[in-house]
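Here is what each chain is made of, one letter per residue.
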Amino acid sequence: MESQADIHTVMMIFQDFVFYGLAAILLFAGVRVITARNPVHAALFLVLAFFTAAGIWLLLEAEFLAIALVLVYVGAVMVLFLFVVMMLDINLDKLREGFWKALPVALPVGILMAAEMVMILGSKHFSSEMITAPAPRPAGYSNTAELGRQLYTDYLLPFELASVVLLVAIVAAIALTLRERKDSKFIDPAEQVRVKRADRVRIISMPAEKELPPVTEAVAEKK
């Protein structure tokens with residue numbers, strides 16, 4: 001029994017070291033995301049932050065969330081970000097021209113967000129008494145099923161509100177980027193829907209033309 005207790009203690013200490021290591025990497029990557037001058041480097045640091053966050057979720061036995069974070073965000077969203085950043089060829093010097101002009105507005109907003117984070121992290125939900133090691137799960141336990149149950153029962157309203165916010169963001173992004181320019185081709189989807197078969201294909205009856213044989217052509221030239 002003492003050996004098992006010693007092994008359990010060593011494992012807990014090892015998990016603590018892994019957690020603090022991943023947390024330090026996550027903080028470093030998060031700071032570099034907002035301080036890196038090159039947008040491609042910032043996106044790569046964000047990929048590192050996602051990987052370390054997935055590692056922390058694995059320590060909490062949330063395997064589905066960790067895998068979903070790597071597959072969805074690192075495998076799809078961040079690749080899209082990198083493609084957009086590299087294809088846009090952003091002029092960083094031009095972007096930094098109005099940085100100090102926006103500081104009087106950005107600084108109070110940043111202080112307010114920092115105060116809100118301190119209030120949230122200092123609440124009773126994040127106290128040392130509330131944060132405990134995850135309890136051992138039975139053999140047939142599925143955190144994917146438990147996540148679905150929590151989302152669609154206890155947190156249904158926040159889940160629906162988040163989906164509405166994402167829908168509004170998608171519509172706003174399309175409305176801001178959809179511009180009718182003269183130098184670009186534009187097709188109205190409403191006109192495509194209203195089109196009929198007669199507008200697409202028109203059959204014309206034309207008389208058949210027969211080609212003369214070579215001998216007839218030669219006789220016609222002599223005449």
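A brief report on the enclosed structure follows.

What counts, and at which threshold
- Residues numbered from 1 in each chain as written.
- Predicted model: local features only at pLDDT ≥ 70, side-chain atom pairs only at ≥ 80, totals over all residues.
- Heavy atoms only, no water.
- Helix = DSSP H or I, 4+ residues; strand = E, 2+ residues; numbered from the N terminus.
- Buried < 20%, exposed > 50% of the residue type's maximum accessible area, 1.4 Å probe, protein only.
- Contact = heavy atoms within 4.5 Å.
- Expected span 1.5 Å × (residues − 1).
- Patch = residues over 30% accessible without salt bridge, like charges linked within 9 Å, V, L, I, M, F, W, Y side chains within 5 Å.
- Areas by Shrake-Rupley, 256 points an atom, 1.4 Å probe, with all protein chains shown as cover.
- Salt bridge = Lys/Arg side-chain N within 4 Å of Asp/Glu carboxyl O.
- Core = buried A, V, L, I, M, F, W, Y, C linked by side-chain atoms within 4.5 Å.
- Phe/Tyr/Trp six-rings, centres within 6.5 Å; stacked < 30°, edge-to-face > 60°.

Regarding the overall build of the protein
Each helix and strand in the protein was counted, giving 10 helices and zero strands. In sequence order, the secondary structure elements of the protein are arranged as α-α-α-α-α-α-α-α-α-α. For the protein, buried positions account for 10% of its 223 residues. Sequence-distant contacts in the protein: of pairs separated by 6 or more residues, those separated by 24 or more amount to 58%.

Examining unusual backbone geometry
In this structure, E61 takes a positive phi of about 65° despite not being glycine. Checked against the element boundaries, E61 lands in the loop between α2 (39-59) and α3 (63-88).

Overview of α2
Here α2 spans 31 Å end to end across 21 residues, near enough to the 30 Å set by a 1.5 Å rise per residue. By the burial criterion, the buried members of α2 are A42, A43, F45, V47, A49, F50, T52, A53, A54, G55 and I56. Where α2 terminates, the next one or two residues include E61, which has phi positive at roughly 65°.

Thoughts on a nonpolar patch on the surface
On the surface, W57, L60, F64 and L65 cluster together into a nonpolar patch covering about 350 Å² of accessible area. Within the element layout of this structure, F64 appears in helix α3.

Considering the nonpolar core
Formed by A43, V47, F50, A53, A54, A66, L69, V74, M78 and L82, the largest nonpolar core amounts to 10 residues. At the level of elements, α2 and α3 are the ones that each hand at least two residues to this core. Look past the residues within four positions of L69 in its chain and what remains in contact with it is F50, A53, A54, W57 and V74.

Things to note about the packing of aromatic side chains
As enumerated under the stated definition, the model contains four aromatic pairs in all. Here F28 and F45 contribute two aromatic rings whose centre-to-centre distance is 5.9 Å and whose plane-to-plane angle is 85°, an arrangement assigned as edge-to-face. Linking F28 in helix α1 (residues 2-35) with F45 in helix α2, this pair joins segments that are 17 residues apart in sequence. Note on F28: relative accessible area 48%, which makes it partly exposed. Centre to centre, the rings of F50 and Y73 are 5.4 Å apart; their planes meet at 50°, and the pair counts as tilted. Here F50 is found in helix α2, whereas its partner Y73 is found in helix α3, with 23 residues between them in sequence. Owing to a relative accessible area of 40%, Y73 belongs among the partly exposed residues under this scheme.

Quick word on the environment of A53
Tracing the chain through its elements places A53 in helix α2. The exposure class of A53 is buried, given its relative accessible area of 18%. Leave out the neighbours within four places in its chain, and A53 touches L26 and L69.

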